[in-house]
Amino acid sequence: AHFTTATHGPSGAVLARALLRLFVEGHGGLPTVVVDVGAGRGELMTHLLDALADPVEWAVSPTRNRGKVPTRVVGVDVVERPDGLDERIEWHRSPGGADLPNDLTDLTDALVVAHEWLDVVPCTVAEVDSSSTLRELLVDRASGDETPGAPLSGADLRWAERQWPGRRPGARVEVGRARDEAWAALVHRVRSGTLVAVDYGHLASGRPDGGTLTAYASGGRTRPVPDGSCDLTAHVAMDSLDADEVRPQRECLRALGVRGRTPDHGLARTDPQHYLALLARAGAEAQLLHPDGFGAFWWAVRRVGTSDLT
């Protein structure tokens, strides 16, 4: 209820088809299971179901796609199953953060999407003090006021030294170790297939000196206070994840045929309905590509095992 993502509305339909195309190009057929981790209210899953039902879109060898849509379409989130969700979608309520349902394991020929999941997996936030010591920040749960705590140590310190080594007094570090471990645990549950983490993020060459911790409430940004009144988020250190490739969403989508180009205006006279449909699609594609909006996302792609489809 606090924010909108790229999975909502027409942009979600474009995104769903692009993700399926990524899988088909890598495996030669459709996945036998699709999992959406951090599924919200099932928006992306609904778009995926619609896309999977299109026989023209996925005109691949029947021996490879087995002539049917995936036997399982699975959504995972902290909320109960949303009302009105298509009955073909299997729903698992998760404890939240990095925790995943126990029975979500040993997935074969799977497309697993983590869309804006890792940015809400809790992470340690630290700040460099005047003596150049990196200290964990403590936060008052009622006011959001921060105070410096003990020096960062152990696995969090090792991650910071390796992945985010800035030491200017006042600089902040959002330790991505918990996100790395959550992603690795998700990868471990897949025997074969492709996993895609889609999120706001950054690379080692451009870590934000002041951090990215923020919050959303009722559609707008607000002060991050961990009292349950808002949605807390911090961008992801994408290049610290175990991935085969990490690229901007704009590059990934363009490679998958998403262009955002306005259709030929002449079509408006010869086939106005088709023209309007293409125009709407172009607008949705442009949303996903816009560098100051959803186009600022990063994709981390991990391929696991040998597919039975190839």
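Analysis parameters
Residues numbered from 1 in each chain as written. Predicted model: local features only at pLDDT ≥ 70, side-chain atom pairs only at ≥ 80, totals over all residues. Heavy atoms only, no water. Helix = DSSP H or I, 4+ residues; strand = E, 2+ residues; numbered from the N terminus. Buried < 20%, exposed > 50% of the residue type's maximum accessible area, 1.4 Å probe, protein only. Contact = heavy atoms within 4.5 Å. Areas by Shrake-Rupley, 256 points an atom, 1.4 Å probe, with all protein chains shown as cover. Salt bridge = Lys/Arg side-chain N within 4 Å of Asp/Glu carboxyl O. Pairing = 2+ DSSP bridges. Axes fitted to C-alpha atoms, helices over the stretch in contact; angles between N-to-C directions. Phe/Tyr/Trp six-rings, centres within 6.5 Å; stacked < 30°, edge-to-face > 60°. Lys NZ or Arg CZ within 6 Å of the ring centre and 35° of its normal. Arc of directions from axis to C-beta. Polar contact = N/O pair within 3.5 Å; in protein donor to acceptor, adjacent residues only side chain to side chain.

## Here we look at the overall build of the chain
If you tally the helices and strands in the chain, you get eight helices and 15 strands. Counting every position in the chain, which comprises 310 residues, the buried fraction comes to 48%. Sequence separation of at least 24 residues holds for 72% of the intrachain contacts in the chain that already meet a minimum separation of 6. About 14700 Å² of surface is accessible on the chain, with carbon and sulfur atoms providing 49% of the total.

## Topic: the pattern of salt bridges
Within the structure shown, the criterion is met by 15 salt bridges. D129 is the partner of R135 in a salt bridge, and the nearest nitrogen-oxygen pair spans 2.8 Å. The class for D129 is buried, based on a relative accessible area of 18%. Across the salt bridge formed by D239 and R207, the nearest N and O atoms sit 2.9 Å from each other. Residue D239 is located in the loop between β13 (236-237) and β14 (245-248), and its partner R207 is located in the loop between β9 (193-202) and β10 (214-217); the two are separated by 32 residues in the primary sequence. Assessed through its relative accessible area of 13%, R207 is described here as buried. Residues joined in a network through salt bridges with shared partners are E127, E146 and R172.

## Examining the sheet that holds strand β8 (residues 172-174)
Spatially, four strands are ordered β7-β6-β5-β8 in an open sheet, and the strand pairing comes out antiparallel. The sheet is open, and its two edges are formed by β7 (146-151) and β8, each paired on a single side. Shown here is a sheet whose adjacent strand axes are inclined to one another by a mean of 40°, direction ignored. Alignment of strand β5 (residues 125-128) against β8, held across three bridges, turns out to be antiparallel.

## Quick notes on the packing of aromatic side chains
In this description, an aromatic ring pair is defined by two values, namely the gap between the centres and the angle between the planes. By the definition in use, this model includes one aromatic pair. Taking the centre distance of 4.4 Å and the plane angle of 45° together, the rings of Y200 and F297 count as tilted. Within this pair, whereas Y200 is found in strand β9, its partner F297 is found in strand β15 (residues 297-304), the two being separated by 97 residues in sequence. The exposure class of Y200 is partly exposed, given its relative accessible area of 26%. Owing to a relative accessible area of 1%, F297 belongs among the buried residues under this scheme. If you follow R207 out to its NZ or CZ, it ends over the ring of W164, 5.9 Å from the centre.

## A few points about helix α4 (residues 154-163)
All buried positions along α4 are accounted for by D156, W159, A160 and Q163. Taken end-on, α4 shows its buried residues confined to a sector of 100°, consistent with a single buried face. What points out from α4, more than 90 degrees from its buried face, is the exposed set R158 and R162. Here the buried face of α4 lies against β6 (134-139), β8, α5 (177-188) and β13.

## Details of unusual backbone geometry
Positive phi outside glycine occurs at D109, with the angle close to 50°. Within the element layout of this structure, D109 appears in the loop between β3 (89-93) and β4 (110-115). Phi at S132 is positive, roughly 70°, even though this residue is not glycine. Structurally, the position occupied by S132 is in the loop between β5 and β6. A relative accessible area of 38% places S132 in the partly exposed class.

## Some words on the environment of R168
Mapping R168 onto the fold places it in the loop between α4 and β8. C-alpha separation for the pair R168 and D129, spaced 39 residues apart in sequence, amounts to 8.4 Å. What R168 contacts, discounting residues up to four positions off in sequence, is V128 and D209. There is a polar contact of 2.6 Å between the side chain of R168 and the side chain of D209.

## Description of the sheet that holds strand β12 (residues 231-233)
Read across the open sheet, the three strands follow the order β11-β10-β12; overall the sheet is antiparallel. Strands at the two margins of the open sheet, each flanked by one partner only, are β11 (220-222) and β12. In this sheet, adjacent strand axes meet at a mean angle of 40° when their direction is disregarded. Bridge count between β10 and β11: three bridges; the pairing is antiparallel. Across the sheet, the residue bridging to A217 is G220, located in β11.

## Side note on the pairing of strand β1 (residues 33-37)
Two faces make up the sheet, and in a regular strand the side chains alternate between them. Buried residues dominate β1, accounting for five of its five residues. In terms of strand pairing, β1 meets strand β2 (residues 72-77) through five bridges, oriented parallel. When the bridges of β2 are listed, V37 appears paired with V76. Where β1 meets β4, five bridges bridge the pair, whose relative direction is parallel.

Purely spatial values, then, with no claim about function.
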